[in-house]
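Letter by letter, the chains look like this.
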Amino acid sequence: MERRQLLKQSAFAIAAFSFSRELFANAPNTHLDFNPSALNSSNMLSSMIRLGSNENPHGPSTLAKQAMIDAVSISNRYQWDMNGELKIEIAKMTGHTKDHIALGAGSSELLGIVSLWAAYKKGNVVASEPTFKLWMPAARRMGLPTKLVPLTETKHNDLNGLMNAMDEQTRMVYLCNPNNPTGTVSPTSALEDFIKKVASTTIVLLDEAYTDYYDTPSMSKMIDTYPNLVIAKTFSKTFGMAGARVGYVLAHPNTIKQLNEFQAWANAGPSAVSMQGALAAIKDKAFVTYCKQENIKAKEILYNGFDALGIKHIKSFTSFVYFDTATYKKDIPALLLANQITGARSFEQNSSWLRISIGTVAEMEKVVAVLKLGA
Ligand SMILES: Cc1ncc(COP(=O)(O)O)c(C=O)c1O
């Protein structure tokens, strides 16, 4: 594709993306992930390096792909048995029982279900700013206003600040650990204290989408003691199945029952094809290990590039990095886009900090080369 044609199409994609943001104009502080549908029409996906949605550039694994191909032929049938089968395998993987698990079409669906549960109790939700907010506009429309609490100076969740922001109307606190977009983790003991204090009265929705990258300890060991604690997990990241839409929550069996009542039908989430993929993905441990190692290698390349250019960045426990563009002379998203790299973007108003997803080693080498040439 001609460079000029590509830039023209990129401009179109950005315009379409901006338009989709406008649709959410009534929802302040919404962050939408990069909108690939804007690119689909111009068939640009294959030519662009996509670093906007923290997708795993290596997935799905060969075993998961084959399982999904094989499952296509049985997708005329409802997936009754598979739901239980997948819950049993997730239970083995996480050290719980199938009664501690609800499945969804990605963890996003379940973040919505948990906020519906909280909205039903009437009140407000407390969360960090910035954090993963894709589910918040729907929660607000369901009558669950959001109280946002700035991160600390070091871009960590401010656990005390979150507790201080709670009032008698607070029905839920959402916490993303490691946090998206900053990649920071809270110390385990501080998190435990936080859960002990908050979950005795209030729903704590703990989003652990990225714990697997660095084996960040899961707080799921606390779900039996704290029925208000709901842990959200996904097959979209280390398992590399974002488009297959498989997620789950871990919670006390009584909590799972209550959440199931907010689902039209507890078996309606992931498709038969996706569940077969997830079952195979759980078995393919070598693939997950490979993805984690590649993520570290690719991230080191980016860190080294940033260091060489004097770009401040935060050590990330995830598959993305938060960095400060204040010392770089050019507009980094525009520079990257002109070189067919999309996704570096801002999550804070009037801030020089951006997030970029970690792609393959070759992709991050290209990012660094572009930044060095542009400096
Ligand atoms: C923190 C966090 N939670 C949840 C999700 C949604 O994941 P899923 O694909 O499981 O809906 C994402 C996706 O990027 C995320 O970053």
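Every chain is numbered independently, its residues counted from 1 as its sequence is written. Where local features are concerned, this predicted model is filtered to residues with pLDDT of at least 70; where side-chain atom pairs are given and counted, the filter is 80 or more; whole-chain, interface and lining totals use all residues. The side-chain values count all of the structure's non-hydrogen atoms but skip hydrogen atoms and water molecules.

### Some thoughts on the sheet that holds strand E12 (residues 353-357)
So, point 1. Note: two strands are recorded as paired if DSSP finds a minimum of 2 bridges between them. Note on conventions: DSSP H or I runs of at least 4 residues are helices, E runs of at least 2 residues are strands, and numbering of each starts at the N terminus. Pairing is antiparallel across the open sheet formed by 3 strands, whose spatial order is E9-E12-E11. Each edge of the open sheet is held by one strand with a lone partner, namely strand E9 (320-324) and strand E11 (345-346).
So, point 2. Here E9 runs beside E12; their pairing, made up of 5 bridges, is antiparallel. Bridge pairing in E12 places phenylalanine 320 opposite serine 357.

### Here's the deal with the site of the ligand
So, point 1. Around the ligand, the surrounding shell holds 13 residues, and the nearest of these are Ser108, Asp207, Tyr210, Thr234 and Ser236.
So, point 2. Polar contact is the term for a pair of N or O atoms within 3.5 Å; when the atoms are in protein, one must be able to donate a hydrogen and the other to accept it, and sequence-neighboring residues count only if both atoms are side-chain atoms. Note that a nitrogen atom of the ligand is positioned 2.6 Å from one of the side-chain N or O atoms of aspartate 207.
So, point 3. Here an oxygen atom of the ligand sits 2.5 Å away from a polar atom, N or O, in the side chain of threonine 234.
So, point 4. Protein chains bury 95% of the 400 Å² of accessible surface belonging to the ligand in isolation.
So, point 5. By residue number, the principal contributor to the shell around the ligand is helix H5 (residues 106-120), which donates 3 residues.
So, point 6. Ten residues, namely Ala, Val, Leu, Ile, Met, Phe, Trp, Tyr, Cys and Pro, are considered nonpolar, four, namely Asp, Glu, Lys and Arg, are considered charged, and the remaining ones, Gly among them, are considered polar. Across the shell around the ligand, the residue classes break down as 4 nonpolar, 6 polar and 3 charged. Residues are counted as near a molecule or strand when any one of their heavy atoms sits within 4 Å of it. Each accessible area is a Shrake-Rupley result for a 1.4 Å probe, and residues are judged covered by the shown protein chains and nothing else.

### Some remarks on the confidence of the model for the chain
So, point 1. For every residue, the predictor assigns a confidence score, pLDDT, that lies between 0 and 100. Overall, the predicted model of the chain reaches an average pLDDT of 90, with 88% of residues at or above 70.
So, point 2. We call two residues in contact when some of their heavy atoms are within 4.5 Å. Confidence over residues 1-42 falls short of pLDDT 50; this stretch has 63 contacts with residues more than four positions distant or in other chains.

### A look at empty space enclosed by the protein
So, point 1. Here a cavity denotes grid points, spaced 1 Å and computed from the protein atoms alone, that fit a 1.4 Å probe unable to get out, and a pocket denotes an open set having protein on both sides within 12 Å along at least 5 of 7 lines; residues with an atom within 4 Å of a point are the lining. Grid points are joined across faces, edges and corners, and a volume is the space filled by probe spheres set on the points. Applying the stated criterion across every chain yields a total of 3 cavities of 30 Å³ or more.
So, point 2. The computed volume of the largest cavity comes to approximately 60 Å³.
So, point 3. Lining the largest cavity are Glu55, Asn56, Pro57, His58, Tyr213, Cys291, Glu294, Asn295, Ser319, Ile358 and Gly359.
So, point 4. Of the residues that constitute the lining of the largest cavity, the class distribution is 4 nonpolar, 5 polar and 2 charged.

### Focus: the side chain of threonine 94
So, point 1. Position of threonine 94 among the secondary structure elements: in helix H4 (residues 80-94).
So, point 2. Within polar-contact distance, the side chain of threonine 94 engages the backbone oxygen of isoleucine 90 at 2.8 Å.
So, point 3. Each residue touching threonine 94, except ones within four places of it in the same chain, is listed here: Ser220, Tyr248 and Leu250.

### Examining unusual backbone geometry
The general pattern is negative phi for most residues beyond glycine and trans for most peptide bonds.
So, point 1. Asparagine 177 connects to proline 178 through a cis peptide bond whose omega is -5 degrees.
So, point 2. Inspection of the secondary structure puts proline 178 in the loop between strand E5 (170-176) and helix H8 (188-198).
So, point 3. In this structure, proline 181 follows asparagine 180 across a cis peptide bond, with omega equal to 25 degrees.
So, point 4. Looking at the element boundaries, proline 181 is found in the loop between E5 and H8.
So, point 5. One non-glycine residue, glutamine 340, lies in the positive phi region at around 65 degrees.
So, point 6. Here glutamine 340 is to be found in the loop between helix H12 (332-338) and strand E10 (341-342).
So, point 7. Even without being a glycine, asparagine 350 presents a positive backbone phi close to 50 degrees.
So, point 8. Assignment of secondary structure puts asparagine 350 in the loop between E11 and E12.
So, point 9. Each residue is assigned to one of three classes by its accessible area relative to the maximum for its type, calculated with a 1.4 Å probe on protein chains only: buried under 20%, partly exposed between the two thresholds, exposed over 50%. The exposed category is assigned to asparagine 350, whose relative accessible area is 84%.

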